[in-house]
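What the coordinates show
Given next are the chains, with one letter for each unit.
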Amino acid sequence: MKKIILSLFVVTMAFSVNAQIKTPAPSPFQKIEQIVGLTDVTVAYSRPGVKGRKIFGALEDYGKVWRTGANENTKVTFSTDVTVSGTKVKKGTYALYTIPGEKTWDIMLYSDATNWGNPRKWDDSKVVVKVNVPVIEIPMIIETLTISFDDLTNNSAVLGIMWENTYVGLQFETPTDAMVSAGIEKIMQGPSADDYYAAAAYNLSADKDIEKAKTWIDKAVEMTADAPKFWFLRRQALIYAKAGDKQGAIKAAKESLKYAEKANNAGYIKMNTASLKEWGAM
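Reference entry: report on the structure contained in this document.

This brings us to the pattern of salt bridges. Scanning all chains against the criterion turns up nine salt bridges. With a closest N to O distance of 3.5 Å, Lys64 and Asp61 form a salt bridge. Owing to a relative accessible area of 34%, Asp61 belongs among the partly exposed residues under this scheme. In this structure, the salt-bridge partner of Asp112 is Lys126, at a minimum N-O distance of 3.8 Å. Taken together, the residues span a long stretch of sequence, with Asp112 in the loop between strand 7 (104–110) and strand 8 (127–134) and Lys126 in the loop between strand 7 and strand 8 at a distance of 14 residues. Lys126 sits in the partly exposed class, given a relative accessible area of 28%.

Pasting the structure below:
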């Protein structure tokens, strides 16, 4: 009987240790994403609630740095460089900190985004940009802290922060026009050497028009003549061989071998040597 009781006790204790009751987080986590022009922007933060409390000027003191959320610091990530209030902000992840005020807030992007809440020691040198913005009073209570992307255009957006009866926004600009213009200019100049190489390689592997492949690989090799690429020349040799131009294949393979030896690339040295032997050139 004692053994049975002991066994039941052990099973009960094991169940108690392993059992994990899941409950909702007091400040739920949210991750939001927005494409602004050609820039991906992500915000990850925890969302506290008002819960009948006075927030700004009470729970969150005026004039003191606030994590702008709950738990881990709120993170903002930009996939490209952006501009905030005339300051260039490099692509990457930043902590979003604010200093609430009755009439205005300071909104800051902080380069160290690895803190649980506020940094143990604040470092002004890590403040990438700091912008003072006006408070807009909302004629209702916003129960849960909400961060949004507002006033979207192709080149800008406002990162909105809304809680209790307060709204503030941080405008940022993206390099959309510069990115689009650069893309247009590149396309209008015609295919790059890599484009010609890829097209020729595809025709070779897919057993398609080999004469077109020759034209494209010749163009790729010509465009890189100032800095020859041994893998371009290797592909040229294979295309010429498939097209039945043995002498052209040998010439390209010898060039590829020469530059592969300069780069000390054992793989291409081996492949070119084998081909040259197969074609009777060694």
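As a general feature of sheets, a regular strand has side chains that alternate between the two faces. Burial analysis of strand 6 (residues 92–99) places six of its eight residues in the buried class, the great majority of the element. One ladder, built from five bridges, connects strand 6 with strand 7; its direction is antiparallel. Bridge pairing in strand 7 links Tyr97 to Met108. Counting the residues in the hairpin turn of strand 6 and strand 7 gives four residues.

Here we come to the sheet that holds strand 8. Two modes of strand pairing occur in sheets, parallel and antiparallel, and in both the strands are linked by backbone hydrogen bonds. Spatially, the six strands line up as an open sheet ordered 1-2-3-6-7-8, and their pairing is antiparallel. Two strands lie at the open edges of the sheet, namely strand 1 (29–36) and strand 8, each paired on one side alone. Within this sheet the neighbouring strands show an average axis-to-axis angle of 25 degrees, counted without direction. Pairing geometry for strand 7 and strand 8, over seven bridges, is antiparallel. Its bridge partner being in strand 8, Trp105 is matched across the sheet by Val133.

A separate point is the layout of surface pockets. Size it by volume and the largest pocket reaches roughly 210 Å³. Forming the boundary of the largest pocket are Lys54, Phe56, Tyr62, Gly101, Glu102, Lys103, Trp105, Val135, Glu137, Glu164, Asn165 and Thr166. Ranked by the residues each element gives to the lining of the largest pocket, the list is headed by strand 10 (residues 156–173), at three residues. Classifying every residue of the lining of the largest pocket gives four nonpolar, three polar and five charged. Within this model, the second largest pocket holds a volume of roughly 180 Å³. Looking at the second largest pocket, it is lined by 14 residues, and the ones nearest its centre are Val221, Leu233, Gln236, Ala252 and Glu255.

What follows concerns helix 3 (residues 193–205). Given a rise of 1.5 Å per residue, 13 residues ought to cover 18 Å, and the 18 Å separating the end C-alpha atoms of helix 3 matches this to within 8%. Just downstream of helix 3, Asp207 is the residue with a positive phi angle, here 55 degrees.

Positive phi values are uncommon outside glycine, yet Asn71 reaches one of about 60 degrees. Looking at where Asn71 falls in the secondary structure, it is placed in strand 3 (residues 70–78). Of note in this structure, Glu164 is not a glycine but carries a positive phi near 55 degrees. Relative to the elements of secondary structure, Glu164 occurs in strand 10. You can call Glu164 buried: its relative accessible area is 6%.

In terms of nonpolar packing, the biggest core is built from 32 residues, with Val84, Leu159 and Phe172 touching the most fellow members. If one sorts the elements of this core by residue count, strand 10 sits on top with seven residues. Once you skip the residues sitting within four places of it in the chain, Leu159 turns out to touch Val43, Val76, Leu96, Ile147, Ser148, Phe149, Val168, Gly169, Leu170 and Phe172. Listed in part, the 16 residues of the second largest apolar core include Leu204, Leu233, Tyr259 and Ala260.

Quick look at the packing of aromatic side chains now. A full pass over the atoms with the stated rule returns 14 aromatic pairs. An angle of 65 degrees between the planes, with centres 5.5 Å apart, marks the rings of Phe78 and Phe172 as edge-to-face. Here the residue Phe78 occupies a position in strand 3, and Phe172 occupies one in strand 10, the gap between them amounting to 94 residues. With respect to burial, Phe78 and Phe172 carry one shared label: buried. On the basis of an interplanar angle of 5 degrees and a centroid distance of 4.4 Å, the ring pair of Tyr197 and Phe232 is categorised as stacked. Of the two residues, Tyr197 sits in helix 3 while Phe232 sits in helix 5 (residues 230–242), which places them 35 residues apart along the sequence. Pair check on accessibility: Tyr197 and Phe232 agree, each one buried. Among the aromatic side chains, those forming a connected cluster through ring pairs are Tyr197, Phe230, Trp231, Phe232 and Tyr268. A cation sits over an aromatic face here: Lys214 above Tyr240, 4.7 Å from the ring centre.

Rules used in this analysis
- Within each chain, residues carry numbers counting from 1 in the order of the written sequence.
- Given that the model is predicted, a residue must reach a pLDDT of at least 70 before its local features are reported, and side-chain atom pairs must reach 80 or more before they are shown or counted; all residues, however, enter totals for whole chains, interfaces and linings.
- Only hydrogens and water are set aside; all other atoms, that is, all heavy atoms of the structure, feed into the side-chain values.
- Salt bridge, as used here: a side-chain nitrogen of Lys or Arg that lies within 4 Å of a carboxyl oxygen of Asp or Glu.
- The buried label goes to any residue with under 20% of its type's maximum accessible area, the exposed label to any with over 50%, and the partly exposed label to all in between, with areas taken from a 1.4 Å probe on protein chains only.
- Runs of H or I in DSSP of at least four residues are treated as helices and runs of E of at least two as strands, each being numbered from the N terminus.
- Strand pairing is assigned whenever DSSP detects at least two bridges linking the two strands.
- Axis lines are fitted to C-alpha atoms, over the contacting stretch for helices. Their N-to-C directions set the angle, which ranges from 0 to 180 degrees.
- Site definitions follow a grid-based scheme: protein atoms alone, a 1 Å grid, a 1.4 Å probe that fits but cannot get out for cavities, and for pockets an open set with protein on both sides within 12 Å along at least five of seven lines, plus lining residues having an atom within 4 Å of a point.
- Grid points are joined across faces, edges and corners, and a volume is the space filled by probe spheres set on the points.
- When residues are grouped by polarity, Ala, Val, Leu, Ile, Met, Phe, Trp, Tyr, Cys and Pro land in nonpolar, Asp, Glu, Lys and Arg in charged, and all others, Gly among them, in polar.
- Under the convention used throughout, the expected extent of a helix is 1.5 Å for every residue step, that is, one less than its residue count.
- To define a nonpolar core, start from buried Ala, Val, Leu, Ile, Met, Phe, Trp, Tyr and Cys residues and group those joined through side-chain atoms within 4.5 Å.
- Here a residue-residue contact requires only that any non-hydrogen atoms of the pair lie within 4.5 Å.
- A pair of Phe, Tyr and Trp rings is counted when the ring centres sit within 6.5 Å of each other, with Trp represented by its six-membered ring. The angle between the planes then sorts it: under 30 degrees is stacked, over 60 is edge-to-face, the rest tilted.
- We count a charge as sitting over a ring when the NZ of a lysine or the CZ of an arginine lies within 6 Å of the ring centre and within 35 degrees of the ring normal.

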